[in-house]
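# Structural overview
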Amino acid sequence: MPVTVVVGTQWGDEGKAKVIDLLAGSHSHVVRYQGGHNAGHTVVVGDERYALQLVPSGVLYEHVTPVIGNGVVVDLATLFGEIDTLESRGVSCSRLRVSTLAHLIFPWHQRQDAISESLRGESKLGTTLKGIGPAYADKVKRIGIRAGEVRDSERFRALVKERATQENALFASLDEPLLNVDDVVNQSDALARRLVPYLDDTVNMLHDAIERGATILLEGAQATFLDIDHGTYPYVTSSNPTAGGACAGSGIGPRDITRVVGIAKAYTTRVGAGPFPTEVTGELGDRIVDIGHEFGTVTGRRRRPGWLDLVMLRHAVRVNSLSDIALTKLDVLDDFDTIRVCVGYKLDGRTTTAFPDDAETLSRVECVYQDIAGWKKSLRRCRADSELPAQVQHLLSLVESHTGVPVSVVGVGPERDDVVLRRSMS
Ligand code: GDP
Ligand code: IMO
Ligand code: MG
């Protein structure tokens, strides 16, 4: 399988990194194609837990070339902090390549993120405050600074100075404290010098590699329902995590993509504001959060819990042309008496399986549930499909019949080996 896309099918944190780690063993490159350090991707190997924000999840394998593609927005301080931490733990990052076309995040972007959230007051989005939206806005406004600019220090310093000065004029008009322009220029340039050896024309690099028989994983961050176009706008991120974004954000065209794996948790979580039809509050919700350790990797925020929603998953199949589903964290539901699965929405007296095209309508739907008896035993040691209890098989059949896509991977624990492979993924 030359090029596989891995994409989140809910609101993020589905366990994408664990599936990337599982597949990376048989791939030569792992490419992040969108998002930035708003992502928190966790890989557990034995006693070691790695929480990655910008460095692609394949970095743990020596044979993998990790690539930060052109569609990513890069915060250099975070990138080098992450590289230093990984290297201090014995993980070499020297193979990392960063696209010259990727846009950089600067201190004014983080400031703008905080200001726009505070201006929204009660209706704030609950962003990660990492400056992601403002950095993509600058890219679209054609005033962003790209990674390739750092190669000419004098020009880079002039660009940063010009942009910081312009942003200060805006901060002044809002009575916000000003940036120290010289500090921003000097700090950005120091980080920029470190970036130079990692820079590459990753688009041509990846195509040359494909021609030589490379196998490539395109690692999505965030998820389908956080997509700027297909998500629950405005409660979304500012990029395209969906499979189409994998083409734009890596420079690999659609005909080179051979598989699209959608990652879904066996339940659902959401961080930040926005409609969530299957949300579970109260004690039951707390129980899911406790057992699933549902606290954000990046911001530490409690994730909102809810049941699995097959209306959403079916829509994710459509939007991403999924070929496979990986259903993760099944083990979190081991002790529940009843597991609920949403199979339709009731809207204005009618039942539908179509995902509404706006957040306001989504906030009004009522869920139609199918209840499944819990299996009440630990799945942690299951490694073969035949070892999964009948109730789990029933759940998997329900998912497959509603989506039309096979569940090829089942997650039964956080560790690398805690999976059941139901179909070959190579
Ligand atoms: P990502 O952003 O999609 O890569 O997901 P995160 O890393 O933010 O969150 C997923 C969390 O669930 C991590 O702590 C993983 O170690 C953990 N995880 C992944 N798959 C499984 C699974 O099958 N079972 C359990 N118990 N934990 C899992
Ligand atoms: P991974 O890759 C879960 C959410 C934020 C907020 C919205 C917009 O780990 O799945 P942003 O800072 O991107 O402008 O915030 O998107 N969000 C995530 N939620 N997992 C993520 O990444 C997320 N990245 C952003 O909580 O609601
Ligand atoms: Mg995450």
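Residues numbered from 1 in each chain as written. Chains lettered and ligands numbered in written order. Predicted model: local features only at pLDDT ≥ 70, side-chain atom pairs only at ≥ 80, totals over all residues. Heavy atoms only, no water.

Taken together, 20 residues surround ligand 2, and among them Lys16, His41, Thr128, Gln222 and Thr237 come closest. Residue glutamine 222 places a main-chain N or O atom 2.8 Å away from an oxygen atom belonging to ligand 2. A distance of 2.6 Å is found between an oxygen atom of ligand 2 and a side-chain nitrogen or oxygen belonging to threonine 237. Contact with the protein chains covers 97% of the free accessible surface of ligand 2, which is 550 Å². (Near = heavy atom within 4 Å. Polar contact = N/O pair within 3.5 Å; in protein donor to acceptor, adjacent residues only side chain to side chain. Areas by Shrake-Rupley, 256 points an atom, 1.4 Å probe, with all protein chains shown as cover.)

Burial along strand 2 (residues 29–32) is two-sided: His29 and Val31 and Val30 and Arg32, pointing in opposite directions, are all buried. Where strand 2 lies against strand 5 (residues 65–68), four bridges are found, and the strand directions are parallel. Within strand 5, the residue paired with valine 30 across the bridge is proline 66. As paired elements, strand 2 and strand 10 (residues 216–219) share four bridges and run parallel to each other. When the bridges of strand 10 are listed, histidine 29 appears paired with isoleucine 216. (Buried < 20%, exposed > 50% of the residue type's maximum accessible area, 1.4 Å probe, protein only. Helix = DSSP H or I, 4+ residues; strand = E, 2+ residues; numbered from the N terminus. Pairing = 2+ DSSP bridges.)

On the secondary structure map, leucine 199 appears in strand 9 (residues 199–200). We classify leucine 199 as buried; its relative accessible area is 9%. With 52 residues separating them in the primary sequence, leucine 199 and alanine 147 have C-alpha atoms 7.6 Å apart. When residues no more than four places from it in sequence are discounted, the contact partners of leucine 199 are Arg97, Val98, Ser99, Thr100, Ala147, Gly148, Val150 and Arg151. (Contact = heavy atoms within 4.5 Å.)

This part is about the coordination of the magnesium ion (ligand 3). At 2.0 to 2.2 Å from the magnesium ion (ligand 3) lie its protein donor atoms, namely Asp13 (OD) and Gly40 (O). Placement of the pair is aspartate 13 in the loop between strand 1 (3–8) and helix 1 (16–24) and glycine 40 in the loop between strand 2 and strand 3 (41–45), with a sequence separation of 27 residues. For aspartate 13, a relative accessible area of 22% translates into the label partly exposed. (Donors = N, O, S within 2.8 Å, 3.2 Å for Na, K, Ca; no water.)

Glancing now at unusual backbone geometry. With an omega dihedral of 5°, the bond running from tyrosine 233 to proline 234 counts as a cis peptide bond. Along the polypeptide, proline 234 turns up in the loop between strand 10 and helix 8 (243–248). With phi around 60°, leucine 129 is a residue other than glycine that occupies positive phi space. For leucine 129, the location among the structural elements is in the loop between helix 3 (107–120) and helix 4 (132–141). Overall, the relative accessible area of 43% leaves leucine 129 in the partly exposed class.

Glancing now at the packing of helix 3 against helix 5 (residues 153–173). Between helix 3 and helix 5, the shortest axis-to-axis distance is 11 Å and the interhelical angle comes to 25°. Here helix 3 lies roughly parallel to helix 5, going by the angle between them. Crossing of helix 3 over helix 5 shows left-handed handedness. The segment helix 3 lies against helix 5, with Trp108, Arg111, Gln112 and Ile115 engaging Val160, Arg163, Ala164, Glu167 and Phe171. Of the residues contributing to the contact of helix 3 with helix 5, the split by class is five nonpolar, one polar and three charged. (Axes fitted to C-alpha atoms, helices over the stretch in contact; angles between N-to-C directions. Parallel < 35°, antiparallel > 145°, perpendicular 65-115°, else oblique. Left-handed = near helix turned anticlockwise from the far one by under 90°. Nonpolar A, V, L, I, M, F, W, Y, C, P; charged D, E, K, R; others polar.)

Moving on to the site of ligand 1. Around ligand 1 there are 19 residues in total, and Gly15, Lys16, Gly40, Thr42 and Asp331 lie nearest to it. If ligand 1 stood free it would expose 580 Å²; the protein chains cover 92% of that surface. Listed by contribution, the elements that provide at least two residues to the shell around ligand 1 are helix 1 and strand 3. For the shell around ligand 1, the residue count by class is five nonpolar, seven polar and seven charged. Both domains that furnish three or more residues to the shell around ligand 1 are identified here as domain 1 (3–99 + 198–259) and domain 3 (265–421). (Domains from an automatic or database assignment.)

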